[in-house]
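Summary of the model geometry
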Amino acid sequence: MDTPAPLASVSLRRTPLYSLHLELGGKMVPFAGYEMPVQYPAGILKEHLHTRDKAGLFDVSHMGQAFLAGDTSALENVTPADVIGLKDGMQRYGLLLTHQGTIKDDFMFSRLAGEAPLYLVVNAGTKEGDFDYIGTALAGRARLMPRFDRALLALQGPLAASVLERHSPGISNLTFMQVMRATIAGAPAIVSRTGYTGEDGFEISLEGADAERVARTLLGEAEVMPIGLGARDSLRLEAGLCLYGHDMDETVDPVEANLVWSIGKRRKAEGGFAGATIVLDKLLNGVAKKRVGILPEGRAPAREGTEIAVAGRVVGKVTSGGFGPSLNGPLAMGYVESEFAEEGTKLELMVRGKALAAKVAPMPFVPHHYKRK
């Protein structure tokens with residue numbers, strides 16, 4: 001997670017839930033240009049474990065939402081995901097690539113049943129640049145319509161479906177990556193069965209004016225606790241999910257980032273996306289480094305920027321690291337030279353001048369619990 005700066009030193013935006021965060025005792029920090037709650041009085045550890053056990057409500061309204069109208073197949077110019085093959089009522093993960101084949105951002109896109117435009121969600125810190133890039137690249141074929149007025153909530157955890165069902169009967173019939181228009185506690189919403197914690201859950205897009213009322217309704221359920229950015233980060237790390245600007249950026253490509261699964265089968269054969277020649281060549285011939293999961297021995301966490309060594313030689317760097325409450329121990333991910341990327345490879349983490357033992361571990365560190373059927 002980004003290092004917080006003093007609130008008074010920067011001009012920050014606020015989500016529609018800002019006042020509610022203060023009322024709930026949220027500790028506000030700068031994140032992606034917004035004042036956001038890093039934690040509430042319960043603390044990051046309890047918030048994390050509550051989400052794994054019951055249900056947590058996250059404010060992710062800082063994310064960028066937009067609709068893409070016109071020839072939506074043009075989106076394939078900037079992503080290797082299969083846009084054309086996306087069925088009605090489904091959502092898909094995509095990478096927004098530069099012309100050098102590196103990752104400009106990751107995003108979600110959905111095809112709502114019976115509607116021509118695609119619905120897109122991009123990362124908060126890059127949304128303006130993403131929207132400019134997409135709009136320019138698709139000019140003359142498709143039109144991007146950003147919706148900065150909308151809010152976005154994430155209800156995550158094993159009890160999320162039973163909670164949401166009380167306020168939107170039938171919503172629990174959705175399965176992983178399905179999306180639909182629905183009414184939540186009387187408010188019109190776009191609901192997808194997805195999230196970034198590794199748990200079952202939903203993301204709920206609303207008009208900004210409806211966000212606080214819906215959030216209060218969900219928080220009124222005994223199973224639901226408000227969750228801040230700190231637990232969101234530890235949850236996604238345990239789930240082995242990348243954070244843009246840390247585990248991927250414009251210096252790495254999909255092959256290095258171990259995100260080849262996001263490239264559609266047809267796209268691998270046909271190409272036609274930004275940087276396709278470079279990416280497909282690396283897919284065929286390999287890369288010099290790869291993103292891996294890392295389990296340190298002992299209790300000391302390895303933070304972002306920690307050097308990774310083998311036999312005293314630096315072979316990579318940690319991009320995300322910390323304490324995993326569900327594991328009750330440290331965990332990390334980072335990039336290492338490809339010859340050291342095999343599961344079980346012994347590594348050394350250079351923490352405060354000392355070499356701490358670690359090994360390459362499979363991800364996710366905590367099993368995913370998505371509802372696939």
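Computed from a predicted structure; not experimentally measured.

Right, let's get into the pattern of salt bridges. Under the defined criterion, the tally for this structure stands at 25 salt bridges. Asp 82 is the salt-bridge partner of Arg 266, the closest N and O atoms lying 2.7 Å from each other. Here Arg 266 is found in helix H7 (residues 265-270), whereas its partner Asp 82 is found in the loop between strand E4 (64-70) and strand E5 (90-97), with 184 residues between them in sequence. Owing to a relative accessible area of 25%, Arg 266 belongs among the partly exposed residues under this scheme.

A word on the nonpolar core. Leu 75, Ile 103 and Met 248 are the most contacted members of the largest nonpolar core, which has 44 residues in total. Contributing elements (two or more residues each) for this core: E4, E5, strand E6 (103-111), strand E7 (118-122), helix H3 (127-137), strand E8 (142-146) and helix H8 (276-285). Beyond its immediate chain neighbours, meaning those up to four positions away, Ile 103 contacts Leu 95, Leu 96, Leu 97, Tyr 244, Met 248, Asp 249, Glu 250, Val 252, Asp 253, Pro 254, Ala 257 and Leu 259. The next biggest cluster of nonpolar side chains, apart from the first, holds 26 residues, and it includes Leu 174, Ala 182, Ala 189 and Leu 206.

So, on to the sheet that holds E4. The strand order across the open sheet built from five strands is E5-E6-E7-E4-E8, with neighbouring strands paired in antiparallel fashion. Taken across any chain shown, the strands that pair with only one partner, and hence form the sheet edges, are E5 and E8. With strand direction ignored, the average angle separating the axes of adjacent strands in the sheet is 30°.

Within the fold, Ala 257 resides in the loop between helix H6 (229-238) and H7. Here Ala 257 falls in the buried class, since its relative accessible area comes to 0%. Aside from chain neighbours lying at most four places away, what touches Ala 257 is Ile 103, Arg 291 and Tyr 335.

Rules of the game
- Residues numbered from 1 in each chain as written.
- Predicted model: local features only at pLDDT ≥ 70, side-chain atom pairs only at ≥ 80, totals over all residues.
- Heavy atoms only, no water.
- Salt bridge = Lys/Arg side-chain N within 4 Å of Asp/Glu carboxyl O.
- Helix = DSSP H or I, 4+ residues; strand = E, 2+ residues; numbered from the N terminus.
- Buried < 20%, exposed > 50% of the residue type's maximum accessible area, 1.4 Å probe, protein only.
- Core = buried A, V, L, I, M, F, W, Y, C linked by side-chain atoms within 4.5 Å.
- Contact = heavy atoms within 4.5 Å.
- Pairing = 2+ DSSP bridges.
- Axes fitted to C-alpha atoms, helices over the stretch in contact; angles between N-to-C directions.

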